[in-house]
Amino acid sequence: MSNGILIIAESHEGALRPASLELVTAGLAAKAAVGGSLTALLPGSNVAGPATELAGLGVDTVKVAEDPKLSAFTTDAWAAAVEAAVKALDPRVVIFAGTTSGRDLAPRLAARFGAPSAANVIAIGGSSDTIVATRPVLGGRVQTDVSLGGSLAFLSAGPGAFEKAVSTGVTAPVEALAVDLSGVSERVRVTGLAAADSGGSSSLASAEVVVAGGRGLKEPANFALVEELAGKLGGAVAASRAVVDAGWRSHHEQIGQTGKTVSPKLYIAVGISGAVQHNVGMQGSEAIVAINRDPDAPIFKIASFGIVGDLFEIVPELNRQLS
Ligand SMILES: Cc1cc2nc3c(=O)[nH]c(=O)nc-3n(C[C@H](O)[C@H](O)[C@H](O)COP(=O)(O)OP(=O)(O)OC[C@H]3O[C@@H](n4cnc5c(N)ncnc54)[C@H](O)[C@@H]3O)c2cc1C
């Protein structure tokens with residue numbers, strides 16, 4: 001008998017994190033396979049707004065664990081809150097978002113409960129007896145199916161692997177879940193948050209349009225073409241590792257295996273060859289437009305639309321047309 005699915009949502013500054021919208025879709029996929037109800041836990045402090053948003057996304061119940069110690073993420077406090085929720089709700093599977101905190105908590109909680117876990121999951125199937133989690137390995141070149149038996153399992157969703165859930169028009173009940181964190185020592189305390197130097201693309205993770213530049217741009221100054229195109233489309237600027245390693249752009253803009261994973265509606269790759277380590281970070285995009293002068297560039301294998309030609313002619317023309 002399945003006790004359903006528990007997802008661990010996250011909010012920031014009064015709104016759900018975009019990864020939590022993807023997490024709801026992962027939870028619905030798990031519910032379809034495993035059965036039972038879908039409960040979303042929202043730890044935090046003063047999270048009534050995001051809890052209401054979460055309640056409208058198709059979950060069956062929202063449980064809010066409120067405590068000042070949960071206002072900023074710390075491993076000790078959040079792990080204690082999730083542990084209490086798991087003991088109270090006895091779910092068959094617990095799913096975390098594809099965030100730094102989610103990837104921190106999933107294996108930690110699995111170890112605490114002596115349960116199996118799988119990270120960076122891109123699809124969930126199976127049954128309540130055996131959950132089957134699909135995850136990419138070898139830099140995304142191969143996908144493996146991992147079977148998780150037993151009565152409890154922990155998963156973390158792959159960033160960008162699931163669609164963002166949208167409002168269903170139905171509002172699930174929002175209930176308080178009492179968690180006693182008095183015994184949690186504050187070994188780590190978050191004393192402040194400072195925005196990183198964003199270079200104008202702080203919204204990369206949630207941008208609907210991403211324009212990425214690669215070594216084909218020849219020199220850092222030519223990134224102005226990419227910045228102009230991104231600006232005209234209301235998008236964010238990104239980069240391949242080759243140009244980050246060369247010091248043209250900062251690492252927070254890097255897409256790929258050792259950078260960020262994005263899944264915008266539109267990803268424009270300018271002068272990027274399409275190495276597997278790059279593609280793994282953007283192949284979940286809804287539409288990929290590749291601009292490359294080499295017709296055999298691997299990027300064209302995953303592009304929805306390919307433009308074979310010199311970027312120094314094509315991008316200025318695009319910018320002119322969009323003026
Ligand atoms: C362990 C590991 C992890 C890695 N992680 C990442 C990662 O996270 N992200 C990442 O991006 N890479 C990563 N890489 C590096 C990756 O393998 C590639 O080397 C890198 O993505 C190449 O970047 P690029 O496409 O910008 O450059 P190149 O491969 O040099 O491609 C440049 C492209 O520009 C085209 N071009 C040149 N001039 C023009 C022009 N005038 N007009 C149009 N097109 C032109 C060329 O035809 C070429 O296809 C990783 C590698 C390893 C080994």
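Residues numbered from 1 in each chain as written. Predicted model: local features only at pLDDT ≥ 70, side-chain atom pairs only at ≥ 80, totals over all residues. Heavy atoms only, no water.

## A short note on the overall build of the protein chain
Within the protein chain, the secondary structure is distributed over 9 helices and 17 strands. Computed over its C-alpha atoms, the radius of gyration of the protein chain comes to 21 Å, within 12% of the 20 Å expected for a compact globule of 323 residues. Each principal axis of the C-alpha distribution contributes one length, and for the protein chain these read about 60 × 40 × 40 Å. Sorting the 323 residues of the protein chain into buried and exposed places 46% on the buried side. Pairs at least 24 residues apart make up 64% of the contacts formed inside the protein chain by residues separated by at least 6 positions. Accessible surface for the protein chain amounts to roughly 14700 Å². Of this, 51% is attributable to carbon and sulfur atoms. Of the charged side chains in the protein chain, 24 are positive and 30 negative; the average position of the first set lies 5 Å away from that of the second. (Helix = DSSP H or I, 4+ residues; strand = E, 2+ residues; numbered from the N terminus. Rg over C-alpha atoms; globule rule 2.2 N^0.38 Å. Buried < 20%, exposed > 50% of the residue type's maximum accessible area, 1.4 Å probe, protein only. Contact = heavy atoms within 4.5 Å. Areas by Shrake-Rupley, 256 points an atom, 1.4 Å probe, with all protein chains shown as cover. Lys, Arg positive; Asp, Glu negative; His and termini not counted. Charge placed at Lys NZ, Arg CZ, Asp CG, Glu CD.)

## Regarding the nonpolar core
Ranked by internal contacts, the top residues of the largest apolar core, which has 37 residues, are I7, L54, I95, I124 and L155. Ranked by residues supplied to this core, first place goes to helix 1 (residues 18-34) with 7 residues. Residues in contact with I95, not counting those within four places in the same chain, are I5, L6, I7, I8, L23, A26, G27, A30, I124, L155 and A157. In this structure, L70, A81, A106 and L181 belong to the second largest nonpolar core, which totals 26 residues. (Core = buried A, V, L, I, M, F, W, Y, C linked by side-chain atoms within 4.5 Å.)

## Comments concerning the pattern of salt bridges
Per the stated rule, a full pass over the model turns up 15 salt bridges. Between R17 and E10 there is a salt bridge, with its nearest N and O atoms 3.6 Å apart. The exposure class assigned to E10 is buried, which follows from its relative accessible area of 5%. Of the charged contacts, one joins D245 and R241 as a salt bridge, the two residues approaching to 3.0 Å between their closest N and O atoms. A residue pair is termed a helical-turn pair when its members lie 3 or 4 positions apart in one helix, as D245 and R241 do in helix 6 (residues 241-245) at 4 residues. Given a relative accessible area of 45%, R241 falls into the partly exposed group. (Salt bridge = Lys/Arg side-chain N within 4 Å of Asp/Glu carboxyl O.)

## Describing the domain arrangement of the protein chain
Put simply, an interface is often sized by how much accessible area is lost when its parts join up. Each assigned domain of the protein chain is listed with its residue range as follows: domain 1 (5-176) and domain 2 (204-321). The distance between the C-alpha centroids of domain 1 and domain 2 comes to 31 Å. Facing the 7 residues of domain 1 at the interface are 6 residues of domain 2. For the pairing of domain 1 and domain 2, the buried interface totals around 600 Å² over both sides, and the portion due to carbon and sulfur atoms is 55%. The interface formed by domain 1 and domain 2 contains 0 salt bridges. If you look at where domain 1 meets domain 2, you find 0 residue pairs in polar contact (both at pLDDT 80 or more). Looking at the side of domain 1 that touches domain 2 residue by residue, the class counts come to 2 nonpolar, 3 polar and 2 charged. (Domains from an automatic or database assignment. Buried area = accessible area lost by both parts, 1.4 Å probe. Polar contact = N/O pair within 3.5 Å; in protein donor to acceptor, adjacent residues only side chain to side chain. Nonpolar A, V, L, I, M, F, W, Y, C, P; charged D, E, K, R; others polar.)

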